[in-house]
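# Reading the structure
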Amino acid sequence: MVSMPTLPLEGASPAHICPFDQACSYLEAAAKELRLDQGTLEILSHPRKVVTVSIPVRLDNGDIRVLAGHRVQHSDILGPYKGGTRYHPAVTLREVSALAMLMTWKCALLGIPYGGAKGGIAINPQHYSVGELEKITRRYTSELIKDIGPAVDIPAPDVGTSAREMAWMMDTYSVNVGHAVPGVVTGKPISIGGSRGREMATGRGVMIIVREALADMGRTLEGVKVVIQGFGNVGGAAAELLYQAGAKILAVSTGAGGLFAADGLDIPALKAYAAENHRSIVGFPQAVAISNAELLTLPCDVLIPAALENQITEENVDQIQAQIVAEAANGPVTLEANRVLEGRGVTVLPDILANAGGVVVSYLEWVQGLSYLFWDEERVNREMEHLMVQAYHQVIKQSQMRQVPLRLAAYTLGVGRVAQALSDRGLYP
Ligand SMILES: NC(=O)c1ccc[n+]([C@@H]2O[C@H](COP(=O)([O-])OP(=O)(O)OC[C@H]3O[C@@H](n4cnc5c(N)ncnc54)[C@H](O)[C@@H]3O)[C@@H](O)[C@H]2O)c1
Ligand SMILES: N[C@@H](CCC(=O)O)C(=O)O
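Every chain begins its residue count from 1, and numbering advances along the sequence as written. Whichever chain is written first is A, and whichever ligand is written first is 1; the rest continue in order. Where local features are concerned, this predicted model is filtered to residues with pLDDT of at least 70; where side-chain atom pairs are given and counted, the filter is 80 or more; whole-chain, interface and lining totals use all residues. To get the side-chain values, take all heavy atoms of the structure and skip hydrogens and water.

### With respect to the overall build of the protein
Helix and strand assignments follow DSSP, with helices taken as H or I runs no shorter than four residues and strands as E runs no shorter than two, numbered in order from the N terminus. In terms of regular secondary structure, the protein is built from 14 helices and 12 strands. Two things to know: the radius of gyration comes from C-alpha atoms, and the globule rule equals 2.2 Å times the number of residues to the power 0.38. Over its C-alpha atoms the protein spans a radius of gyration of 20 Å, differing by no more than 12% from the 22 Å that the globule rule assigns to 429 residues. The C-alpha extent of the protein, read off along each of the three principal axes, is 55 × 55 × 45 Å. For the protein, the proportion of its 429 residues judged to be buried stands at 56%. Note on classification: 1.4 Å probe, protein chains only; a residue is buried when its accessible area is under 20% of the maximum for its type, exposed when over 50%, partly exposed between these limits.

### Here's the deal with the pattern of salt bridges
Counted as salt bridges are all cases of a side-chain nitrogen of Lys or Arg within 4 Å of a carboxyl oxygen of Asp or Glu. For the structure on display, the rule yields 23 salt bridges. When the shortest N-O distance is used, the salt bridge between R211 and E385 registers 2.9 Å. Here E385 lies in helix α13 (residues 377-402) and R211 lies in helix α6 (residues 198-216), a separation of 174 residues in the sequence. One salt-bridge network, held together by shared partners, links R86, E95, K118, D158 and E309.

### Digging into the UniProt feature "site: Important for catalysis" (unreviewed entry) in the protein
UniProt annotation of "site: Important for catalysis" (unreviewed entry) refers to D158 when read in the numbering used here. Counting through the fold element by element, D158 comes out in the loop between β5 (153-157) and α5 (163-177). Contacts are assigned to residue pairs that have any heavy atoms within 4.5 Å of one another. Excluding its chain neighbours within four sequence positions, the residues that come into contact with D158 are G84, T85, R86, K118, N233 and N330. UniProt positions are given in the numbering used here, feature names are shortened, and annotations may be inferred rather than shown by experiment.

### Some thoughts on unusual backbone geometry
Its identity as a non-glycine residue notwithstanding, R35 has a phi of 55°, on the positive side. With respect to the helices and strands, the residue R35 is situated in the loop between α1 (19-34) and α2 (38-45). Not every positive phi belongs to a glycine, and Y372 is a case in point at roughly 55°. Mapped onto the fold, Y372 is located in the loop between α12 (357-371) and α13.

### Remarks on the site of ligand 1
Definition of nearness: a residue and a molecule or strand are near each other if at least one heavy atom of the residue lies within 4 Å of the molecule or strand. Near ligand 1 there are 24 residues, and of these R86, D158, N233, V234 and N330 occur at the shortest range. In the environment of ligand 1, a nitrogen atom lies 3.2 Å from a nitrogen or oxygen atom belonging to the side chain of N292. Computed with the Shrake-Rupley method and a 1.4 Å probe, the accessible areas treat only the protein chains shown as cover for residues. Surface burial for ligand 1 is 85%, taken as the share of its 830 Å² of free accessible area covered by protein chains. Secondary-structure elements contributing two or more residues to the shell around ligand 1 are α6, α7 (233-244) and β7 (248-254). For the purposes of these results, a polar contact is taken to be a pair of N or O atoms within 3.5 Å, where, inside protein, one atom must be able to donate a hydrogen and its partner to accept one; residues adjacent in sequence count only when each atom of the pair is a side-chain atom.

### Side note on the nonpolar core
Ranked by internal contacts, the top residues of the largest apolar core, which has 93 residues, are L242, I304 and L349. Other than its neighbours up to four places away in sequence, L349 contacts I209, V210, A213, I324, V325, A326, E327, A354, Y392 and L406. If you look at the next biggest cluster of nonpolar residues, it comprises 23 residues, including I55, Y128, L133 and M166. We define a nonpolar core as any set of buried Ala, Val, Leu, Ile, Met, Phe, Trp, Tyr and Cys residues linked to one another through side-chain atoms lying within 4.5 Å.

Next comes the structure, spelled out in structure tokens:
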């Protein structure tokens, strides 16, 4: 057993389950399966760099608040650090560290030349004005100026952030270095070098992986009953694309609760309703209100947790009735719950595969920017689909070859590629 790295604990994750310990357990399982040596496991268990900065901000009412911002760079063995920026009250250094590690395996699994990183600030963005959020984002970026860059570390959106925050980050970085540097972030607006298709990319990737998994069961998306937790960047796009492909979206939710319709929700109408109501789906007329706890345990073919970590736990796993769980969120199923689902023969499509469409199109955005040549959306979607389908089949093949569940198969591919590169580069001290 390797000694796991110590990181300061400042607050617990939602279900008091440490996401970093869980990420290390998955890494350890992959290392065991691959028979990696202890030194390699030790190196891969530690983030390469952990940065915490203070972000002083004068609020609109004149008060001064000092926020903590993190950026964890787990690995740059395969290329520049890559990963999102999260604004959420439950952000902790251990959570960001876990998410950074997942990014390393995700990029390696998809065969894109990046390492892994993640950033975050423990705030509820809904409690701040747009002006305050801009000041917070700009100061956070300025504090990280030496740690990020198009060949160093490339942030992107995650929970609570979007193209708007990426534009502020790009502008702050560019002003600091003295010239425009669009490649410092991905997921930015198209007007400043963003890619067509990025906004829907993670949801599109989820739809593709679910479609492939159903095809292996001799089924199509037509009429498949789907339940989705989370209706943001990822859940909202997945709902829309699955609906367009003929699936029946029985239920969706946000942090404020969920909606259920036995015959399927009218997703275009719901999206229009949310757009008119500041992203709230509460009160949508053609559905019944349900809680998030009820939503997760609804009978369905495909359950898509697309919100936060630790949503399917030991407490509710026995009530999960889906045949497929597609992890659109990062880490939505705990280690123990994962064991139970796999034991019951439920197909768990792991996060590092199922939600990789976002970082794949981030990579395509970076490539387009570096080559000063921008593609139409059809080409972006085609290139992304190719990489997603290829990774899916590699995971299935690995699972069959090693006789292991899909998560361990995906991890052995991702971790194995990073370990191989580490050995080839000769980074041992
Ligand atoms: N944005 C991306 O490109 C991307 C890519 C890959 C993975 N992810 C992962 O997908 C997940 C969602 O990210 P996002 O970008 O859609 O965030 P987002 O902020 O756009 O949306 C999050 C959604 O989850 C809902 N939510 C929050 N707490 C909830 C709860 N307890 N129960 C139910 N719903 C809840 C919110 O109301 C919102 O609808 C995260 O795990 C993120 O790391 C995001
Ligand atoms: N935050 C997203 C996207 C990262 C990126 O595009 O760099 C993820 O978890 O995969």
